[in-house]
Amino acid sequence: MDFLILFLFYLALVVMGLVLICVCSKTHSLKGLARGGAQIFSCVIPECLQRAMHRSLHYLFHTRNHTFIVLHLVLQGMVYTEYTWEVFGYCQELEFSLYYLLLPYLLLVVNLFSFTLTCVTNPGIITKANELLFLHVYEFDEVMFPKNVRCSTCALRKPARSKHCSVCNWCVHRFDHHCVWVNNCIGAWNIRYFLIYLLTLTASAATVAIVSTTFLIHLVVMSDLYQETYVDDLGHLHVMDTVFLIQYLFLTFPRIVFMLGFVVVLSFLLGGYLCFALYLAATNQTTNEWYRGDWAWCLRCPLVARPPSAEPQVHRNIHSHGLWSNLQEIFLPAFPCHGRKKQE
């Protein structure tokens, strides 16, 4: 049991570290921090280990592979195994509502379905056969997306809002980002599945956390643990406080308490990212456009030094046409059927 707890703990640390690496690699303001950290580690880590680490990171984040898909399914399976093995059984004994206990499984089914669709759906790959179709979908703003620009890798004309993915090695229509967790790009044709996947994943983690917390609180109230007393190492009598109560619950239900801590942290991380993704959807922006727009804002900042003759071009979001139209564009993307036939 102790080995399983330690394994889960270290696995959670690895996942959180990988998430931070993903964030650092995608956020311009943190790239300098990541480089600085790499320089510090280069002074204490042998060169052979540095090369092995670089090869591993390149394989994980710059090549298409199924590592994160397997890790995702393993973590999800471990959480639901613990929920089924202990929490579900205990809650049934305490006569919790069956609909309440089955809600995480319903969310799991929807989540796995949307996860699969996000992984296997064509995100909107631009080819020679369909590039003319995509050139007329969105208007060029002549700032972030100028006309008559060719991709230096694909040699195809770049439609507005498209981008070449260096991991997948293809240009994607309405490119949002490359997601290592689904081993696919997120583009015009699978962004709707990705949002449902992210929403149900956040909801399932939060639901498991709520059910587990309710079970522990119900247990404490029924057994009157908060009214108990304990004797410390010096022989002094103390009333049960919150810290000691948590320690007692961890010693009694170690896997449940650890799983609860993991899903609570995961709920906050996913909830924050979900809010960001919903904001982008509501304003009809992609992660790529938001990132590049942030750099355009930085150029307008008076604290940034630039040549006197430089006149920064201001980027405006010309694709937002109201909340309903923006969401309709995501869930009913332009030319999906025609584009797929052309590609085939």
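Note that this is a predicted model, so its numbers are computed, not measured.

About the cut-offs
- Residues numbered from 1 in each chain as written.
- Predicted model: local features only at pLDDT ≥ 70, side-chain atom pairs only at ≥ 80, totals over all residues.
- Heavy atoms only, no water.
- Helix = DSSP H or I, 4+ residues; strand = E, 2+ residues; numbered from the N terminus.
- Buried < 20%, exposed > 50% of the residue type's maximum accessible area, 1.4 Å probe, protein only.
- Contact = heavy atoms within 4.5 Å.
- Disulfide = S-S within 2.5 Å.
- Salt bridge = Lys/Arg side-chain N within 4 Å of Asp/Glu carboxyl O.
- Core = buried A, V, L, I, M, F, W, Y, C linked by side-chain atoms within 4.5 Å.
- UniProt positions renumbered as here; feature names shortened; annotations may be inferred.
- Polar contact = N/O pair within 3.5 Å; in protein donor to acceptor, adjacent residues only side chain to side chain.
- Phe/Tyr/Trp six-rings, centres within 6.5 Å; stacked < 30°, edge-to-face > 60°.
- Lys NZ or Arg CZ within 6 Å of the ring centre and 35° of its normal.
- Axes fitted to C-alpha atoms, helices over the stretch in contact; angles between N-to-C directions.
- Left-handed = near helix turned anticlockwise from the far one by under 90°.
- Nonpolar A, V, L, I, M, F, W, Y, C, P; charged D, E, K, R; others polar.
- Patch = residues over 30% accessible without salt bridge, like charges linked within 9 Å, V, L, I, M, F, W, Y side chains within 5 Å.
- Areas by Shrake-Rupley, 256 points an atom, 1.4 Å probe, with all protein chains shown as cover.

Assignment of secondary structure puts Arg-64 in the loop between α3 (47-62) and α4 (67-93). Owing to a relative accessible area of 37%, Arg-64 belongs among the partly exposed residues under this scheme. Excluding residues within four positions of it along the chain, Arg-64 makes contact with Val-167, Cys-168, Trp-170, Asn-183 and Asn-184.

This structure, assessed with the given rule, holds zero disulfides. Of all cysteine sulfurs, the one in Cys-179 lies closest to Cys-119, which takes part in no disulfide; the gap is 8.2 Å. For Cys-119, a relative accessible area of 17% corresponds to the buried category.

In total, this model carries six salt bridges according to the counting rule given. The partner of Arg-161 in a salt bridge is Glu-329, and the shortest N-O contact between them spans 3.3 Å. Here Arg-161 is found in the loop between α6 (131-135) and β1 (163-165), whereas its partner Glu-329 is found in helix α11 (residues 323-331), with 168 residues between them in sequence. Across this residue pair, the class does not change: Arg-161 and Glu-329 are buried. For Arg-174, the salt bridge goes to Glu-329, with nearest N and O atoms at 3.6 Å. Highlighted residues: Arg-174 in the loop between β2 (170-172) and β3 (177-179) and Glu-329 in helix α11, separated in sequence by 155 residues. When its relative accessible area of 19% is taken as the criterion, Glu-329 is described as buried. Each member of the salt-bridge network shares a partner with another, and the members are Arg-161, Arg-174, Glu-289 and Glu-329.

Ranked by internal contacts, the top residues of the largest apolar core, which has 47 residues, are Tyr-83 and Leu-216. If you list the elements that add at least two residues to this core, you get α3, α4, α5 (98-120), α7 (191-223), α8 (242-252) and α9 (254-282). Sorting elements by how many residues they give to this core places α7 first, with 12 residues. When sequence neighbours within four positions are dropped, the list of residues in contact with Tyr-83 reads Phe-88, Leu-101, Pro-104, Tyr-105, Val-208, Val-211 and Met-259. Grouped together as the second largest cluster of nonpolar side chains are seven residues, Phe-134, Cys-151, Ala-188 and Trp-189 included.

The sites that UniProt annotates as "transmembrane region" (unreviewed entry) are residues 6-25, 59-79, 99-120, 194-222 and 258-282. The annotated region residues 194-222 carries 100% helix and 0% strand content, and the separation between its end C-alpha atoms amounts to 42 Å. The span residues 258-282 is 100% helix and 0% strand, and its two end C-alpha atoms sit 36 Å from each other.

Let us look at the side chain of Glu-329. A polar atom in the side chain of Glu-329 sits 3.3 Å from the side chain of Arg-161. Of note is the side chain of Glu-329, whose polar atom sits 3.0 Å from the side chain of Asn-284.

On to the packing of aromatic side chains, then. Applying the stated criterion across every chain yields a total of 17 aromatic pairs. Taking the centre distance of 5.5 Å and the plane angle of 50° together, the rings of Phe-61 and Phe-68 count as tilted. For the pair formed by Phe-61 and Phe-68, the shared burial category is buried. Taken together through their ring pairs, the aromatic side chains of Phe-115, Phe-194, Tyr-197, Tyr-273, Phe-276 and Trp-290 make up a single cluster. Arg-161 extends its terminal NZ or CZ atom over the ring of Tyr-138, reaching a point 4.8 Å from the ring centre. For Arg-292, the ring lying beneath its charged end belongs to Phe-145, and the centroid distance is 5.2 Å.

Turning our attention to the packing of α7 against α9. Viewed as axis vectors pointing N to C, α7 and α9 meet at an angle of 145°, and their least axial separation amounts to 8 Å. As for the relative orientation of α7 and α9, their crossing is left-handed in sense. Among the residues making up the contact of α7 with α9, the classes are represented as 23 nonpolar, five polar and no charged.

The next point concerns a nonpolar patch on the surface. Together, Leu-103, Leu-106, Val-109, Val-110, Ile-196, Phe-331 and Leu-332 line one region of the surface with nonpolar side chains, adding up to about 600 Å² of accessible area. By the secondary structure assignment, Val-109 is in helix α5.

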